[in-house]
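# Understanding the architecture of this molecule
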Amino acid sequence: MARRDGPGIWWQFLEFMGMTWPGHKAKAVRPSGPPCPACGNPSQQGDDQRFHCAHHPHASIPDPE
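Residues numbered from 1 in each chain as written. Predicted model: local features only at pLDDT ≥ 70, side-chain atom pairs only at ≥ 80, totals over all residues. Heavy atoms only, no water.

### Here we look at the overall build of the chain
- When its secondary structure is counted, the chain shows one helix and two strands.
- Start at the N end of the chain and walk to the C end: the helices and strands fall as α-β-β.
- Burial analysis of the chain (65 residues in total) assigns 12% to the buried set.
- Sequence-distant contacts in the chain: of pairs separated by 6 or more residues, those separated by 24 or more amount to 12%.
- Counting only carbon and sulfur atoms, one obtains 57% of the accessible surface of the chain, whose full area is about 6,100 Å². (Helix = DSSP H or I, 4+ residues; strand = E, 2+ residues; numbered from the N terminus. Buried < 20%, exposed > 50% of the residue type's maximum accessible area, 1.4 Å probe, protein only. Contact = heavy atoms within 4.5 Å. Areas by Shrake-Rupley, 256 points an atom, 1.4 Å probe, with all protein chains shown as cover.)

Spelled out as structure tokens, the structure:
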């Protein structure tokens, strides 16, 4: 039998009793770089292998050790 995506009859009964359908949750993505000293947002690694902030392109972000 193929797996059905979504609540079945038992989950409908449990929802009636007060539970909710958990669904498929996305995995949390960890920030890839150190925080920007100007705004605190995580920085991204650019093509030049250095970290840059999307909001502050001229901010000096040290490489993580």
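### Description of the state of the cysteines
- A full pass over the atoms with the stated rule returns zero disulfides.
- For the unlinked cysteine cysteine 36, the closest cysteine sulfur is that of cysteine 53, found at 3.7 Å.
- Judged by relative accessible area, cysteine 36 falls into the buried class, the value being 3%. (Disulfide = S-S within 2.5 Å.)

### Some words on the side chain of serine 43
- For serine 43, the location among the structural elements is in the loop between helix H1 (9-16) and strand S1 (44-45).
- Excluding its chain neighbours within four sequence positions, the residues that come into contact with serine 43 are Ser32, Gly33, Pro34, Phe51, His52, Cys53 and Ile61.

### Quick look at the confidence of the model for the chain
- Of all residues in the chain, 69% attain a pLDDT of 70 or more, and the chain-wide mean is 78.
- Mean pLDDT per element in the chain: H1 is the minimum at 80, and strand S2 (residues 51-52) is the maximum at 88. (pLDDT = per-residue confidence, 0-100.)

### Some words on unusual backbone geometry
- Look at glutamine 49: it is not a glycine, yet its phi comes out positive at around 65 degrees.
- As for its position among the elements, glutamine 49 is in the loop between S1 and S2.
- For glutamine 49, a relative accessible area of 52% corresponds to the exposed category.

### Examining the environment of glutamine 49
- The spatial distance from the C-alpha of glutamine 49 to the C-alpha of aspartate 63 is 9.6 Å, given a sequence separation of 14 residues.
- Of note is the side chain of glutamine 49, whose polar atom sits 3.2 Å from the side chain of glutamine 45. (Polar contact = N/O pair within 3.5 Å; in protein donor to acceptor, adjacent residues only side chain to side chain.)

### Comments concerning the environment of proline 62
- Position of proline 62 among the secondary structure elements: in the segment after S2.
- Taking C-alpha positions, proline 62 is 7.7 Å from phenylalanine 51, a pair spaced 11 residues apart along the chain.

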